[in-house]
Amino acid sequence: MSEYVLELKGITKIFPGVKALNNVQFQLKKGEIHALMGENGAGKSTFIKVITGVHQAEEGEMYLDGTKVDFKGPGDAQAAGIAAVYQHPTSYPDLSVTENIFMNHEIKKGGVLQWKQMNREAQVYLDQLEADFKPTAEMGTLSVAQQQMVEIAKAISTHARIIILDEPTASLTANESEKLYKIVEKLRDDGVSIIFISHRFEDMYRLASRVTVFRDSQYIGTYDVDKITNADLIKAMVGREISDMYPKVAVEPGEEVLRIENFSRLGYFKDVSLSVRAGEIVGLTGLVGAGRTEVMEAVCGITAKNSGTVFLNQKEVHVKNPTDAADLGIILLPEDRQKTGLIMSWGLGRNVTLPIMKKMRNGLFINEKKENELGKKFLEEVDTKAVTVFDPASSLSGGNQQKVVVAKALAQDNMKVVIMDEPTKGVDVGAKAEIYAIMSDLAKQGYAIIMISSEMPEILGMSDRIYVMCNGRITAELDAKEATQEIILEHSMEKTEKKEAVR
Amino acid sequence: MAGKSGRTINATPQNVWRKRILSWEGVLIVILAVVLVLCRAMSATYTLENVLREMPKYLAEMFLMLPMAFILMMGEIDISVGSIVCLSGTLGCFAVNAGMPFPVALLIMLGTGLICGAINGAIIVIFPELPSMIVTLGTQIIFRGIAEIMLGGGGSIAAKNADGFRAIGKSLGIVPIVFFLVIISGAIFVIISTKMKFGRELMAIGSNRLTAFYSGVKVKKVLFISYVTMGAFSALCAIFFTAATYGANTTTGKGFEMDAIAMAVFGGISSTGGKGKMIGGILSAFVIVCLRIGLGQKNVNSQVILLIIGILLIGAVLLPNISARISANKKKAIS
């Protein structure tokens, strides 16, 4: 018998164009709680999906109790006793708790489902977890914490020996988290091995005996929790030194262009105030789900807000929808280029002119020649790699699609404020540098830029000023000169209690 | 700016005519020609004069196809139009029989269409989570229900004084008035969809509604206007249908919505939105109408006609998929 219940060696997973996992390893002892940590996009989720058979690794080996296994699909992993519980439970909200627990492994007698017996057994599992709801309750009526309990009950019902918890505490209150800790400890005492993914250091200190850190799709190391300091762990997570891929030109900021005051939306963000000046790049960072995108979408009238005022050039303005924002010169470059940024089946030129069709008309009719020429002008300005303005947006790489999004913003000639949401997400390194150059250029031309980003190096490399958000609030405003990765990370992982206030 | 590589992007369209000829619309013209030649060869009575004389009844449905194409281009649907035709026709006959002047009756019919369209549009805009198929299924039942209540036990009404309807049912020479109207409306719809902002916005909504919204397209406004237009053209259809039948009954307009959708889809306008051209819808409508008249003259059973049109429709939807599959297989074979 092997010392490890689960061992992975040299796992490499390649998605088109990206190495999501690069030669990583992992060892899980029987009956231990093992934390898995790393920044957003470090490869944790992909790694979990390899273990649960959702993805198949291109290279590497996986051993269960010392025996080599090869999962072809999630069913194989389930049969081998591996279960995963996700941050947002992937359940059937209209079915009962019992139905959810026994989904795909129902108890049958001669082809007839044995509901009484299943309800009874479900009750036993729920009792074990000290749950305060009935197995006949409808899943959708339960809280997130309760739904997670059902998912855990489901894992127990399949006799899972290895349970993976993917950011289970992310949407839980302090009390609910404490309850979850107790459940996890009980599972461990029953001999189940647990992989616990979390952004919260408190989770790790409270539960885990060992921690493995991933960074940039690579394995960094495995440490004993009681032997590693907070500072060392942060360094392991963010690690890399900032190179000079950030061609930030020093620009003397001008007048304040945009200021927002006391932006609040119940359940999303509270009392957010920030400002940006002409020629300034302001970084807005924090963990995914901190409320950064939501605040900026509210500024642009895309989503609702409960309260808050917008000042443009010191004058109060009212933005009710994206058209208002565009008319005022506040342009959002959305994070998801495929869903909200571009029409993928359309030609590049038409994408660029979509927001300014009004100006493309001679009288009643669209002047297509003018439109194509304008598209060409702005697409060339950002150096898009394309043959014609009729190429569909779907034919470009992520980086070039981002350039089209920038061209689309530039075409709106009244633009004053540019809000870029994760401008380099899914963009390869070379194109990243080009996009930074464009940003720097925009700042030099006097545009006010707000950059939402989870990537520390880009926040530190490009911003003049940095706001950090955590749980819907701004927790710090830093001058780029005084900011370090450690300070930012600290502010983006504040204590849990504050969350209660927002909700 | 950063564009220092000196790369240029071509902004002049190329091979425009080649693309036009090889498009589905090009194929439809060929199909239309084949249908006309075949029908003429089979039936001696299939003359221009006869075809035009029979056309008004079918052409009324083309009024439905035009705005239906807009709605399909947005990825939505409206299956209540047949019921709007019925309700509008019923009210028109009641108005005429009550002794109102013919123009007032026409206004009542148009108003009915506008109101019904506005109801559909309002529900769909206010409750975006409801699929338009279900909303218009509901109003389909409601609108026809109201008409049936009004028609009462007999289930039908005849216009006592049909002079007005007879007048608009007339022809200029051998060409019926409605033919001119259909061609003019068709031309307007083609221009809106290819040359105007509204048409571009329709396509943007159908291709990617979220991106359209983020880019400042007033999605709700475009949706609402389209449904109101649909209602207004349902009333137009009702006017000319009544002009061909001089009355209304509980089955008036039944299945019209499906005919309109069939014309649009056969014309290459995808029901999932963002695809197709208005001109294709118009061409396919003429293909279907000419085929129906031809088969009708040969005394082909009307059920058999439906069967043939059904097969054509599925074939039209399958064709692009099949050709894509064939070219994919070819590529595979080469590599």
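The rules behind each value
Residues numbered from 1 in each chain as written. Chains lettered and ligands numbered in written order. Predicted model: local features only at pLDDT ≥ 70, side-chain atom pairs only at ≥ 80, totals over all residues. Heavy atoms only, no water. UniProt positions renumbered as here; feature names shortened; annotations may be inferred. Pairing = 2+ DSSP bridges. Helix = DSSP H or I, 4+ residues; strand = E, 2+ residues; numbered from the N terminus. Axes fitted to C-alpha atoms, helices over the stretch in contact; angles between N-to-C directions. Domains from an automatic or database assignment. Contact = heavy atoms within 4.5 Å. Buried area = accessible area lost by both parts, 1.4 Å probe. Salt bridge = Lys/Arg side-chain N within 4 Å of Asp/Glu carboxyl O. Polar contact = N/O pair within 3.5 Å; in protein donor to acceptor, adjacent residues only side chain to side chain. Nonpolar A, V, L, I, M, F, W, Y, C, P; charged D, E, K, R; others polar. 1 Å grid on protein atoms, 1.4 Å probe; cavity = no way out; pocket = protein on both sides within 12 Å on 5 of 7 lines; lining within 4 Å. Points joined across faces, edges and corners; volume = space filled by probe spheres on them. Buried < 20%, exposed > 50% of the residue type's maximum accessible area, 1.4 Å probe, protein only. Lys, Arg positive; Asp, Glu negative; His and termini not counted. Parallel < 35°, antiparallel > 145°, perpendicular 65-115°, else oblique. Left-handed = near helix turned anticlockwise from the far one by under 90°. Core = buried A, V, L, I, M, F, W, Y, C linked by side-chain atoms within 4.5 Å.

Under the annotation held in an unreviewed UniProt entry, chain B carries the name Autoinducer 2 import system permease protein LsrD and is attributed to Agathobacter ruminis. Quoted verbatim from the Subcellular location (unreviewed entry) field of UniProt, the annotation for chain B is "Cell membrane".

As recorded by an unreviewed UniProt entry, chain A carries the name D-xylose ABC transporter ATP-binding protein and is attributed to Agathobacter ruminis. According to UniProt, the comment filed for chain A under the heading Subcellular location (unreviewed entry) is "Cell membrane".

> Explain the sheet that holds strand 17 (residues 315-317) of chain A to me, and be specific about the residues and the numbers.
Backbone hydrogen bonds are what pair the strands of a sheet, in a parallel or an antiparallel way. Residue and element names in this part refer to chain A. Strand order in the open sheet formed by four strands is 14-13-16-17, with antiparallel pairing between adjacent strands. In this open sheet, the two edge strands, each paired with only one partner strand, are strand 14 (269-277) and strand 17. In this sheet, adjacent strand axes meet at a mean angle of 20° when their direction is disregarded. In the sheet, strand 13 (residues 256-265) pairs with strand 14 via six bridges, with the strands oriented antiparallel. When the bridges of strand 14 are listed, Leu 258 appears paired with Val 276.

> Talk me through the domain arrangement of chain A; I want residue IDs and the actual numbers.
Residues and elements named next belong to chain A. Taken domain by domain, chain A comprises domain 1 (4-238), domain 2 (255-329 + 415-495) and domain 3 (338-413). Taking the mean C-alpha position of each, domain 1 and domain 2 sit 34 Å from one another. The interface of domain 1 with domain 2 comprises nine residues on the first partner and nine residues on the second. When domain 1 packs against domain 2, close to 800 Å² is buried across both sides, 66% of that on carbon and sulfur atoms. Where domain 1 meets domain 2, there are zero salt bridges. Our count for the domain 1 to domain 2 interface comes out at zero residue pairs in polar contact (both at pLDDT 80 or more). When contributions to the side of domain 1 that touches domain 2 are tallied by element, the ones reaching two or more residues are helix 7 (201-207) and helix 8 (230-238). Along the lines of polarity and charge, the residues of the side of domain 1 that touches domain 2 split into four nonpolar, two polar and three charged.

> Report on the interface of chain B and chain A, specifying residues and quantitative values.
Tallying the contact residues gives 32 residues for chain B and 46 residues for chain A. Salt-bridge contacts for Arg200(B) lead to Glu371(A); the nearest nitrogen and oxygen are separated by 2.5 Å. At the junction of chain B and chain A, the tally comes to 15 residue pairs in polar contact (both at pLDDT 80 or more). No other element matches the six residues that helix 9 (residues 197-207) of chain B contributes to the side of chain B that touches chain A. Of the residues in the side of chain B that touches chain A, the class split is 14 nonpolar, eleven polar and seven charged.

> Could you give an account of empty space enclosed by the protein, with specific residues and numbers?
Taken as a whole and assessed by the stated rule, the structure comprises two cavities of 30 Å³ or more. In this model, the largest cavity occupies a volume close to 220 Å³. As for the largest cavity, its lining consists of 20 residues, of which Ile331(A), Leu332(A), Gln412(A), Tyr214(B) and Ser215(B) are closest to the centre. Contributing elements (two or more residues each) for the lining of the largest cavity: helix 10 (322-328), strand 18 (330-333), helix 11 (337-341) and helix 14 (398-410) of chain A. A total of four residues in the lining of the largest cavity trace back to one element, the largest contributor, which is strand 18 of chain A. In terms of residue class, the lining of the largest cavity is built from 14 nonpolar, five polar and one charged. Residue contributions to the lining of the largest cavity reach at least three from each of two domains, namely domain 2 (255-329 + 415-495) and domain 3 (338-413) of chain A. Glu39(A), Leu287(A), Ser454(A), Met456(A) and Leu489(A) are the residues nearest the centre of the second largest cavity, which is lined by 14 residues in total. Elements with a minimum of two residues in the lining of the second largest cavity: strand 15 (281-286) and helix 17 (485-492) of chain A. Here the element with the most residues in the lining of the second largest cavity is helix 17 of chain A; it accounts for three residues.

> Requested: an account of the UniProt feature "transmembrane region" (unreviewed entry) in chain B, with residues and values cited.
Residues and elements named next belong to chain B. Per the UniProt record, "transmembrane region" (unreviewed entry) is found at residues 21-43, 63-92, 104-127, 133-151, 172-192, 224-248, 278-295 and 301-322. Along residues 104-127 one finds 96% helix and 0% strand; the C-alpha atoms at either end are 34 Å apart. Helix makes up 88% of residues 224-248 and strand 8%, and the two end C-alpha atoms of the span are 28 Å apart.

> Break down the side chain of Glu297(A) for me, with residues and values.
Residue placement: Glu297(A) occurs in helix 9 (residues 292-299). Notably, Glu297(A) is buried but unbridged: the nearest opposite-charge side chain belongs to Arg265(A), and the N-O separation is 6.6 Å. Leaving out residues up to four positions away in the same chain, Glu297(A) has contacts with Ile302(A), Thr303(A), Leu332(A) and Tyr214(B).

> A description of the packing of helix 3 (residues 48-73) of chain B against helix 8 (residues 177-195) of chain B should follow, citing residues and the corresponding values.
Helices that pack against each other are described as a pair by the angle of their axes relative to one another and the distance between those axes. Residue and element names in this part refer to chain B. Axis separation between helix 3 and helix 8 bottoms out at 9 Å; the angle between their running directions is 20°. Comparing the axis directions of helix 3 and helix 8 gives the class roughly parallel. Helix 8 is crossed by helix 3, and the crossing has left-handed handedness. Between helix 3, through Leu 52, Met 55, Pro 56, Leu 59, Met 62, Phe 63, Leu 66, Pro 67 and Phe 70, and helix 8, the contact on the second element is made entirely by Val 178, Phe 179, Leu 181, Val 182, Ser 185, Gly 186, Phe 189, Ile 192 and Ser 193. Residues of the contact of helix 3 with helix 8, tallied by class, amount to 15 nonpolar, three polar and no charged.

> So, the packing of helix 8 of chain B against helix 11 (residues 219-245) of chain B: which residues are in play, and what are the values?
All names here are of chain B. Contact geometry of helix 8 with helix 11 gives a least axis separation of 12 Å together with a crossing angle of 165°. Classified by the angle between their axes, helix 8 and helix 11 sit roughly antiparallel to one another. In this structure, the crossing between helix 8 and helix 11 has a hand that is left-handed. Along the contact surface, helix 8 presents Val 178, Leu 181, Ser 185 and Phe 189, while helix 11 presents Thr 229, Phe 233 and Phe 240. Counted by class, the contact of helix 8 with helix 11 contains five nonpolar, two polar and no charged residues.

> Give a description of the sheet that holds strand 24 (residues 473-479) of chain A that names residues and reports values.
Residue and element names in this part refer to chain A. Ordered by their spatial adjacency, six strands build an open sheet running 18-21-22-15-23-24, and the pairing between neighbours is mixed. Edge positions in the open sheet fall to strand 18 and strand 24, since each of these has one partner strand only. The sheet shows a mean angle of 20° between the axes of neighbouring strands, taken without regard to direction. Judged from the four bridges that link them, strand 18 and strand 21 (residues 417-421) form a sheet pairing that is parallel. Across the sheet, residue Ile 330 finds its bridge partner in strand 21, namely Val 417. Each of strand 18 and strand 21 is contacted by helix 14, which is oriented at about 170° to strand 18, the strand it contacts most. Across the sheet, helix 17 touches strand 15, strand 23 (465-470) and strand 24, and the angle it forms with strand 23 is around 30°.

> Report on the nonpolar core, specifying residues and quantitative values.
By size, the foremost hydrophobic cluster in this structure holds 201 residues, and its most contacted members are Ile152(A), Ile163(A), Ile488(A) and Met55(B). Top element by residues in this core is helix 3 of chain B. It accounts for 17 residues. Those residues within four positions of Ile488(A) in sequence are excluded, and the remaining contacts are Thr285(A), Met456(A), Ile459(A), Leu460(A), Ile466(A), Val468(A), Leu478(A) and Ala483(A). Residues Ile260(A), Cys300(A), Ile302(A) and Ala448(A) belong to the second largest nonpolar core, which totals 33 residues.

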